Amino acid sequence: MDVVVVGAGVAGLSCARALTDGGARVRVVERSRVAGGRLASRRFDDRFVDIGAAYLVADDPGFTAQVHSWRTRGLARPWTDTLSVYPGGERTTGPVRWAAPGGLRSLAADLAAGLDVRLSTDLDTIPADADAVVLAMPGPQALRLSPPPAIAGAARAQIWKPVITAVLTYPAREWGDLRGAFVNDHPLLATVCDDGDRRGDGAPVLVAHSTAALAARYQDDPDIAGPVLAGAVGELLGLSARPSVHVHRWPCAQPEAVDAPYAVDGRVWLCGDAFGRPRVQTAWLSGRAVARALLA
């Protein structure tokens, strides 16, 4: 069986890995210059900062085994089970959040190792030279390829919210044991993460994720949102220093959950983290569910 996987995020890579392990011939096509999708890390001042997904949560047995494999090889580390909630700054406990010393994209690179991954390759239609094509991407992006009717319908039914990420690098750490914070009912901020804490190197770097409303407001010029988010973080945490600011806009960042593992129409499949609770784990499971169905 020849399969083309379009998209080298977690869903596409987990699908391709499972298909390859099952004996299929697989090539992965990715329009970006790096694999990972929203498992994204960018280098600033000789260190990687996570600008997409903030962490991993693993409660599925299969994904838990994958995360522990990463931990055994030094690629992932348990970060925290305690985050702050604003307003007020009260602590809340929950599942263990996992981080990556080398940035979360290093986990995608591990999934991609040994696969036929073709980067910087943009498609405008469904590949015709394969027994099956897996679109591992948000629905709005899949529509660019003019997919068959059932896939197009599933893609249009997905609802996604945008987010702007601001990387804030300070001269020194002014905050205490922050780790990460959920910011409720704020017009600008949704979350703030202490990147030095989650990476384990103590760097004076915070990463803020905007509300969807702010991201929509600055969709044409996200750089303007950087100082706005920096000011909101400073006010929230009582910081006096002004950070350097870098921003990244995610047009499709937060999906509303779909109660299905994937969509299919003939030889074309659609998978990703919209198919379930929006987590990295969901994307991994959705890709593997498509692989299992194809191999069966």
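Provided above is the structure to which this section pertains.
The shown structure was predicted, so the numbers you read here are calculated from the model rather than taken from an experiment.

What counts and how
- Residues numbered from 1 in each chain as written.
- Predicted model: local features only at pLDDT ≥ 70, side-chain atom pairs only at ≥ 80, totals over all residues.
- Heavy atoms only, no water.
- Helix = DSSP H or I, 4+ residues; strand = E, 2+ residues; numbered from the N terminus.
- Contact = heavy atoms within 4.5 Å.
- Areas by Shrake-Rupley, 256 points an atom, 1.4 Å probe, with all protein chains shown as cover.
- Lys, Arg positive; Asp, Glu negative; His and termini not counted.
- Charge placed at Lys NZ, Arg CZ, Asp CG, Glu CD.
- Phe/Tyr/Trp six-rings, centres within 6.5 Å; stacked < 30°, edge-to-face > 60°.
- Buried < 20%, exposed > 50% of the residue type's maximum accessible area, 1.4 Å probe, protein only.
- Pairing = 2+ DSSP bridges.
- Right-handed = clockwise from strand over helix to strand, strands pointing away.
- 1 Å grid on protein atoms, 1.4 Å probe; cavity = no way out; pocket = protein on both sides within 12 Å on 5 of 7 lines; lining within 4 Å.
- Points joined across faces, edges and corners; volume = space filled by probe spheres on them.
- Nonpolar A, V, L, I, M, F, W, Y, C, P; charged D, E, K, R; others polar.
- Core = buried A, V, L, I, M, F, W, Y, C linked by side-chain atoms within 4.5 Å.

1. Considerations on the overall build of the chain
Line of reasoning, step 1. The number of helices and strands found in the chain is nine helices and 15 strands.
Line of reasoning, step 2. The principal-axis extent of the C-alpha atoms belonging to the chain is close to 60 × 40 × 35 Å.
Line of reasoning, step 3. For the chain, the proportion of contacts with a sequence separation of at least 24, taken over those separated by at least 6, is 67%.
Line of reasoning, step 4. Carbon and sulfur atoms form 49% of the exposed surface of the chain, whose accessible area is close to 12,800 Å².
Line of reasoning, step 5. Here the chain carries 31 positive and 31 negative side-chain charges, and the mean point of each set is 2 Å from the other.

2. Remarks on the packing of aromatic side chains
Line of reasoning, step 1. Across all of its chains, the model carries five aromatic pairs by this definition.
Line of reasoning, step 2. Seen from their ring centres, Y170 and W175 are 5.4 Å apart, and the 70 degrees between their planes marks the pair as edge-to-face.
Line of reasoning, step 3. Take Y170: its relative accessible area is 4%, and that puts it in the buried class.
Line of reasoning, step 4. Connected via pairs of aromatic rings, a cluster forms that spans F63, W70 and W284.

3. A few points about the pairing of strand β1 (residues 2–6)
Line of reasoning, step 1. When you tally the buried positions in β1, you get four out of five residues, the bulk of the element.
Line of reasoning, step 2. Alignment of β1 against strand β2 (residues 25–29), held across five bridges, turns out to be parallel. Of the residues in β2, the one forming a bridge with V3 is V26.
Line of reasoning, step 3. In this region the chain leaves β1, passes through helix α1 (residues 10–21) and returns to the parallel neighbour β2; the handedness of that crossover is right-handed.
Line of reasoning, step 4. Bridge count for β1 against strand β8 (residues 132–136) is four bridges, and the pairing is parallel. Each bridged residue has a counterpart across the sheet, and for V4 the counterpart in β8 is V133.

4. Structural notes on the layout of surface pockets
Line of reasoning, step 1. The space that makes up the second largest pocket amounts to roughly 150 Å³.
Line of reasoning, step 2. When residues in the lining of the second largest pocket are grouped by element, the largest group, four residues, is from helix α8 (residues 225–237).
Line of reasoning, step 3. Broken down by class, the residue content of the lining of the second largest pocket amounts to seven nonpolar, two polar and one charged.

5. Digging into the nonpolar core
Line of reasoning, step 1. Judged by nonpolar contacts, the single largest core of 40 residues is most densely connected at V5, L19, L39, L56 and V134.
Line of reasoning, step 2. Contributions of two or more residues to this core are made by β1, α1, β2, α2 (61–72), α3 (105–112), β8, β15 (268–271) and α9 (280–295).
Line of reasoning, step 3. Excluding its chain neighbours within four sequence positions, the residues that come into contact with L39 are V10, A53, L56, L104, R105, L107, A108 and V280.
Line of reasoning, step 4. Counting residues in hydrophobic clusters, the runner-up holds 25 residues, among them Y170, L178, A208 and L214.

6. Digging into the environment of F275
Line of reasoning, step 1. As for its placement among the helices and strands, F275 is situated in the loop between β15 and α9.
Line of reasoning, step 2. A sequence separation of 20 residues divides F275 from P255, and the C-alpha atoms of the two residues are 8.8 Å apart.
Line of reasoning, step 3. In this view, F275 contacts Q158, V258, A260, P261, Y262, A263, L270, T282 and S286; residues no more than four positions away in its chain are not counted.

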